[in-house]
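Residues per chain, in single letters:
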Amino acid sequence: MNKAKILVVEDDKAVRNLITTTLETQNYQYHTAEKGSEALLEAVSFQPDVMLLDLGLPDMDGIAIIEKVRGWSGMPIIVISARSEDRDKIDALDAGADDYLTKPCSVDELLARLRVALRRARQGRGTNRIRRAERRQHEGTEHPHDAGGQPRRARRQDGREQAQRARRPERAQIRAQPVVFAGALRRRLPLQ
Ligand code: CA
């Protein structure tokens, strides 16, 4: 039994039915959404393993959905769109989509890409579990301060932040702004 959960976001009824019928034949669980707003609600409540996303939706653009979901989730997102320009693919992938299929695409190819996304998601979860276990072991056996006297936790967070910054420079910039702003305020405010 294949119990992975798939969220199908597609406003075209014929395409939606084709996708859901295909998913049924493979015993996937699925929910559907016809609008972007519904997709965001389902992404939270249904907690899918993979989202299949059309870009042209009646209430919002699929790119905006990718950006919103990426704010809180790393779930694989496969775009299925009629837009075939390189620019559209690049924008979707840069926004955080994991894969991009151009309509019309074969059902077999969709299922193959879906399996890849699920495999990667499972591997990612497994790796994270191992890393967490290693970290707990590491923290439990070693002195909390390194040779320079700096707390290990602080150093590790620095490392994570650097990694995030490298991956998503635009977000790091937004986060860096309040710090600069606070510094400017301190310089300008009278000390007494
Ligand atoms: Ca559409």
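Before any of the text, the structure's been laid out above.
Along each chain, residue indices are assigned from 1 in the same order as the chain's sequence is written. Selection of residues for local features in this predicted model requires a pLDDT of at least 70, selection of side-chain atom pairs for listing and counting requires 80 or more, and totals for whole chains, interfaces and linings are taken over all residues. Excluded from the side-chain calculation are hydrogens and water; included are all heavy atoms of the structure.

> I would appreciate a short explanation of the overall build of the protein chain in the present structure.
Of the regular secondary structure elements, the protein chain holds seven helices and five strands. Numbering of helices and strands runs from the N terminus, with a helix taken as a DSSP run of H or I at least four residues long and a strand as a DSSP run of E at least two residues long. Along the chain direction, N to C, the helices and strands of the protein chain fall in the order β-α-β-α-β-α-β-α-β-α-α-α. Residue burial in the protein chain is summarised as follows: out of 192 residues, 32% are buried. Buried, partly exposed and exposed residues are distinguished by accessible area as a fraction of the type maximum, computed with a 1.4 Å probe on protein chains only: under 20%, between the cut-offs, and over 50%, respectively.

> Even after reading the chapter, I still don't get the environment of Ala 39, so can you show me in this structure?
By the element assignment, Ala 39 lies in helix H2 (residues 36-45). Each C-alpha atom of the pair Ala 39 and Glu 10 lies 9.2 Å from the other, and the pair is 29 residues apart in sequence. Not counting chain neighbours up to four residues away, the residues in contact with Ala 39 comprise Leu 7, Val 9, Ala 33, Met 51 and Ile 65. Here, residues are in contact when the closest pair of their heavy atoms is within 4.5 Å.

> What is the right way to look at the pattern of salt bridges in this model?
A side chain with one charge may pair with a side chain of the opposite charge, provided their charged atoms come close. Criterion for a salt bridge: a side-chain nitrogen of Lys or Arg within 4 Å of a carboxyl oxygen of Asp or Glu. Using the criterion set out here, one finds eight salt bridges in the structure. Two residues, Lys 103 and Glu 10, come together in a salt bridge whose shortest N-O distance is 3.0 Å. Of this pair, Lys 103 sits in the loop between strand E5 (99-102) and helix H5 (107-141) while Glu 10 sits in the loop between strand E1 (5-9) and helix H1 (13-25), and the two are 93 residues apart along the sequence. In this structure Glu 10 comes out as buried when scored by relative accessible area, which is 2%.

The values are spatial; any link to function lies outside them.
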